[in-house]
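Chain by chain, the residues run as shown.
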Amino acid sequence: MGNEIVLSIILTTLLIFILIIGVIISFFMVGQQRSKQEIILTQANLNYEQELRKVESELSEGVKRHIAQELHDNVGHLLTCMRLEIENKKLDHPELIGHITSIDQYLQETSDQLRLLSRTLNSDFLEKLDFYAAMDLEVERLKRLRKLEIQWVRQQDRLLVDTNNELILFRISQEIISNALRHSNASKLKISCSAEPNFQLVFEDDGKGFETTKILNSAQASGLQNILKRTELIGMKCEITSILGDGSSITITKKTNESNN
Amino acid sequence: MFFNVFIEIFVFLIACCVGLYFSRYFSKFYLLHLFQLLVYLIIYVESHIIKASQDIYPIFLVKKNLWVYNVYMPLELFILLWAAVVYANNKRITNLIVLAFACCIFSFIYETSSASFFEFASYSYLIGGITIVTAYIIILYLIIVEKRRNQAILPEFWICLGTILYFACITPYIAFFNSLQTNSPEVNKFLYRLITGLFTNVRYLMVAIGFWKYSKQKTSLNSLHNGK
């Protein structure tokens, strides 16, 4: 009788022990299943975000291309007509040459600026160029604006970036330069690009700077957020450092396997 | 017998030393488990003193030491369920635990008043054990399924596992405790050493692992904050 009770108690204890272990194992399995589902969901969200960015980018490129074409074909044409008209006036009224030469020079400058702007906006044109050539063009255009002193340093001729991403990288650069022009009150902007050992594109200005965390968390920072998302899209990393009153620096680097992890 | 006691004391001391040494890092959940451990240590020592005194002076201490565990039982239940409430931090779970605790206390009062306070209230202990197992299984579910971090690293996983294993596995033995104590005390003693002894050691060893892992986690976090 005693042995039977002992045996039944021990067996029941063993059964409960196995049951508890089973419950815990099933918890683990449910946890793993949920983790897998979460990974799939995150991946799907990421793909959706990437597709959305691509569509946004394509739409924006389309609009820019249209504006560039309008500037080149319509406004450019009108400016050329104006210059021809001025040339005719010069021939008809030689006494006015002294008065209209300055207007002609301004018109020439406007025409050049417009041509450069339409080129940097036109993705069809940019696709024929590489990143360096597009940046040369952009820097030349900005130098003509005479708003700030620009230093453009490129260390190698060969850029180690996927050619499909060069246009996006150029658009990111344009956005950063535009931000520096509009908000930083900088007098100097240094852009340097190196491809070896790792790709690195740095923008440094001597402007008023900003509080990085505060600005990035505010609703005003849509431009900066856009830069960060676009760099993510092309598999790169963007680091923004700024000290209030002491300029800011934006560094774009290629993601390594370590930073991916 | 002595080997069992030696192993039990060894495991308690390990858990107590680890807990007390790292107590400055502990959150409320761990402090409550440490407090429970210390209360159990006092009760354990007291029960052994009473038992030894009975052997020396059987006339003065006629009652067995089981009433000590009747004092300890509601205290343990309260501390462990409080720790569960602290960890879950959920109003619905808190309400359920409070309700379950009230039921346990009611059954304890009923059992001790209907029999005798000096008899071990085994059925109340059984109900209390089931309540603790249920509460800690919910917490374990929250740890494994909701948190979904590396569970082997999580210190609370070990504490919950130890507590669940102890209370779930001693349930069949506790259900027969009073009848075995009356009819076959030798069998009861054997089962006590085998089941309660084994799972007490497992429980407090896991509690010690939980304390150690938590303090390790905290110290590594502190050193990370200090830039070491």
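This one's a predicted model, so the numbers in the text were calculated from it and none came from an experiment.

Colleague: Please clarify how the overall build of chain B should be interpreted in this entry.
Modeller: Counting its regular elements, chain B contains nine helices and zero strands. Its helices and strands taken in sequence order, chain B reads α-α-α-α-α-α-α-α-α from the N to the C terminus. Taken over 228 residues, chain B has a buried fraction of 48%. Put simply, of all contacts in chain B between residues at least 6 apart along the chain, 74% involve residues at least 24 apart.

Colleague: Just to check I follow, could you spell out the overall build of chain A for this structure?
Modeller: The helix and strand inventory of chain A stands at eight helices and five strands. Across chain A, helices and strands are ordered from the amino to the carboxyl terminus as α-α-α-α-β-α-β-β-α-α-β-β-α. Its C-alpha radius of gyration of 30 Å places chain A more than 25% over the 18 Å reference for a compact globule of 261 residues. Here chain A, with 261 residues, has 36% of them falling under the buried criterion. Across chain A, every contact between residues at least 6 apart in sequence was considered, and the portion connecting residues at least 24 apart equals 66%. Per element, the accessible surface of chain A, about 16300 Å² overall, is 55% carbon and sulfur. Charge-centre separation for chain A: the mean point of 30 positive side chains lies 1 Å from the mean point of 36 negative side chains.

Colleague: What is the right way to read the domain arrangement of chain A from this model?
Modeller: The parts lose accessible area when they come together, and the size of an interface is often stated as this lost area. Residue and element names in this part refer to chain A. With domains assigned, chain A is organised as domain 1 (1-128) and domain 2 (130-261). On a C-alpha basis, the centres of domain 1 and domain 2 stand 15 Å from each other. Contact residues are listed per partner, giving 20 residues for domain 1 and 16 residues for domain 2. Carbon and sulfur atoms make up 57% of the area that domain 1 and domain 2 hide from each other, which totals about 1600 Å². Contact with domain 2 buries area across many residues of domain 1, yet Arg53, Leu116 and Thr120 alone supply 35% of it, more than any other trio. Where domain 1 packs against domain 2, one counts two salt bridges.

Colleague: Is there a simple way to think about the interface of chain A and chain B in this case?
Modeller: Chain A puts 20 residues into the contact, and the matching count from chain B is 24 residues. Buried area between chain A and chain B, summed over both chains or domains, comes out near 1900 Å², and the portion from carbon and sulfur atoms is 85%. Run the count over chain A and chain B and you get zero salt bridges. Here chain A and chain B share one residue pair in polar contact (both at pLDDT 80 or more) between them. The residue inventory of the side of chain A that touches chain B, partitioned by class, reads 13 nonpolar, five polar and two charged.

Colleague: So what exactly am I meant to see when it comes to a nonpolar patch on the surface here?
Modeller: A cluster of nonpolar side chains, contributed by Leu7(A), Leu11(A), Leu14(A) and Ile18(A), occupies part of the molecular surface with about 410 Å² of accessible area. Looking at where Leu14(A) falls in the secondary structure, it is placed in helix H1 (residues 2-92).

Calculation notes
- Within each chain, residue numbers correspond to sequence positions counted from 1 in written order.
- As they are written, the chains are lettered A onward and the ligands numbered 1 onward, keeping that order.
- Since the coordinates come from a predicted model, pLDDT governs what is reported: local features require at least 70, and pairs of side-chain atoms require 80 or more to be given and counted, while whole-chain, interface and lining totals use all residues.
- Only heavy atoms go into the side-chain values, all of them from the structure, while hydrogens and water stay out.
- Counting from the N terminus, the helices are DSSP H or I runs at least four residues long and the strands are E runs at least two residues long.
- With a 1.4 Å probe rolled over the protein chains alone, any residue whose accessible area is under 20% of its type maximum counts as buried; one over 50% counts as exposed, and the rest are partly exposed.
- Throughout, a contact is declared for two residues whenever any of their heavy atoms are within 4.5 Å.
- The size measure is the radius of gyration over C-alpha atoms, and the globule rule it meets is 2.2 Å times the number of residues to the 0.38 power.
- Each accessible area is a Shrake-Rupley result for a 1.4 Å probe, and residues are judged covered by the shown protein chains and nothing else.
- None of His or the chain ends enter the tally, which takes Lys and Arg as positive and Asp and Glu as negative.
- Charge coordinates come from a single atom per side chain, which is NZ of Lys, CZ of Arg, CG of Asp or CD of Glu.
- An automatic or database domain assignment supplies the residue ranges for each domain.
- By buried area we mean how much accessible surface two parts lose on assembly, using a 1.4 Å probe and totalling the loss over both.
- By definition, a salt bridge exists where a carboxyl oxygen of Asp or Glu is found within 4 Å of a side-chain nitrogen of Lys or Arg.
- Between N or O atoms, a polar contact is any pair within 3.5 Å; within protein, one atom must be a potential hydrogen donor and the other a potential acceptor, and residues adjacent in sequence are included only when both atoms are from side chains.
- Residues were grouped as follows: Ala, Val, Leu, Ile, Met, Phe, Trp, Tyr, Cys and Pro as nonpolar; Asp, Glu, Lys and Arg as charged; and all remaining residues, including Gly, as polar.
- Patch definition: residues with relative accessible area over 30% and no salt bridge; like charges joined within 9 Å; nonpolar side chains (Val, Leu, Ile, Met, Phe, Trp, Tyr) joined within 5 Å.

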